[in-house]
Amino acid sequence: MSVERTFSIIKPDATRRNLTGSINQKLEAAGLRIVGQKRLQLTEAQAKAFYAVHAERPFYGELVSFMISGPVVVQVLEGDNAVAKNRAIMGATNPANAESGTIRKEFAESIEANSVHGSDSLENAKNEIAFFFSESEIVG
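Just so you know, these numbers come straight off a predicted model, no measurement behind them.

Enquirer: Requested: an account of helix 4 (residues 60-67), with residues and values cited.
Expert: Along helix 4, the residues classified as buried are Y60, L63, V64, F66 and M67. Projected down its long axis, helix 4 shows its buried positions confined to an angular sector of 165°, all on one face. Buried-residue contacts for helix 4 involve strand 1 (3-10), helix 1 (12-16), helix 3 (44-50) and strand 3 (72-80).

What follows is the structure in structure tokens.
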């Protein structure tokens, strides 16, 4: 097993419904440690920069609007194979296709308002963590 760090966002639909604790419980039960966490309100500039990879996609504007619609909780998660483990506990992007017991199956409202974001690779995890956290804010 390889100890990794990955990045997670608890999205506005979940923070609005006060689900941060329930989602954190699922992450920790899956063997992930929360080694960095903060609640913040994304600015439009931050959301546009973070999701710049999707700038040419038709849903980009709606995604940015959604992500600035309320507070989010950004997190650094650590554990054995953290990227894959987090992706598994999140479930499929479309909650209708997500497995029972996953975060999206239990908490998502729709494909867009699917409660969480998680890095899809170690390289992206490093970039996404660095976007929101300094090393001093990550405490293992």
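Enquirer: Would you mind going over the pattern of salt bridges in detail, with residue names and values included?
Expert: Counted according to the given criterion, the structure contains nine salt bridges. One salt bridge connects E135 with R5, and the closest N-O pair in it is separated by 3.8 Å. Residue E135 is found in the segment after helix 7 (122-132), and its partner R5 is found in strand 1; the two are separated by 130 residues along the sequence. Look at R5 and you get partly exposed, because its relative accessible area is 28%. Here R17 and E109 are joined by a salt bridge, their closest N and O atoms 3.4 Å apart. Placement of R17 in the loop between helix 1 and helix 2 (20-29) and of E109 in the loop between helix 6 (103-107) and strand 4 (116-118) is noted, with a sequence separation of 92 residues between them. Taking relative accessible area as the criterion, E109 reaches 44% and is therefore assigned partly exposed. One continuous salt-bridge network, built from bridges that share partners, spans R5, R33, E78 and E135.

Enquirer: I'd like to hear about the packing of aromatic side chains, residue by residue, with values.
Expert: On inspection of all chains with the given rule, the structure shows six aromatic pairs. On the basis of an interplanar angle of 85° and a centroid distance of 4.9 Å, the ring pair of F50 and Y51 is categorised as edge-to-face. Neither residue differs from the other here; F50 and Y51 are each classed as buried. For the pair F50 and F131, a centre-to-centre distance of 5.4 Å together with 65° between the ring planes defines the contact as edge-to-face. Pair noted here: F50 is in helix 3 and F131 is in helix 7, with a separation of 81 residues, a long-range link. Note on F50: relative accessible area 12%, which makes it buried. Joined through ring pairs, the aromatic side chains of F7, F50, Y51, F131 and F132 make up one cluster.

Enquirer: If you had to explain the sheet that holds strand 4 to someone new, which residues and values would you point to?
Expert: Pairing is antiparallel in the open sheet, where four strands are placed in the order 2-3-1-4. Pairing within the sheet leaves two strands with one partner each, and these edge strands are strand 2 (33-40) and strand 4. Put simply, the sheet's adjacent strands are angled 20° from each other on average, direction ignored. Pairing between strand 1 and strand 4: three bridges, direction antiparallel.

About the criteria used
- Residues numbered from 1 in each chain as written.
- Predicted model: local features only at pLDDT ≥ 70, side-chain atom pairs only at ≥ 80, totals over all residues.
- Heavy atoms only, no water.
- Buried < 20%, exposed > 50% of the residue type's maximum accessible area, 1.4 Å probe, protein only.
- Helix = DSSP H or I, 4+ residues; strand = E, 2+ residues; numbered from the N terminus.
- Arc of directions from axis to C-beta.
- Contact = heavy atoms within 4.5 Å.
- Salt bridge = Lys/Arg side-chain N within 4 Å of Asp/Glu carboxyl O.
- Phe/Tyr/Trp six-rings, centres within 6.5 Å; stacked < 30°, edge-to-face > 60°.
- Pairing = 2+ DSSP bridges.
- Axes fitted to C-alpha atoms, helices over the stretch in contact; angles between N-to-C directions.

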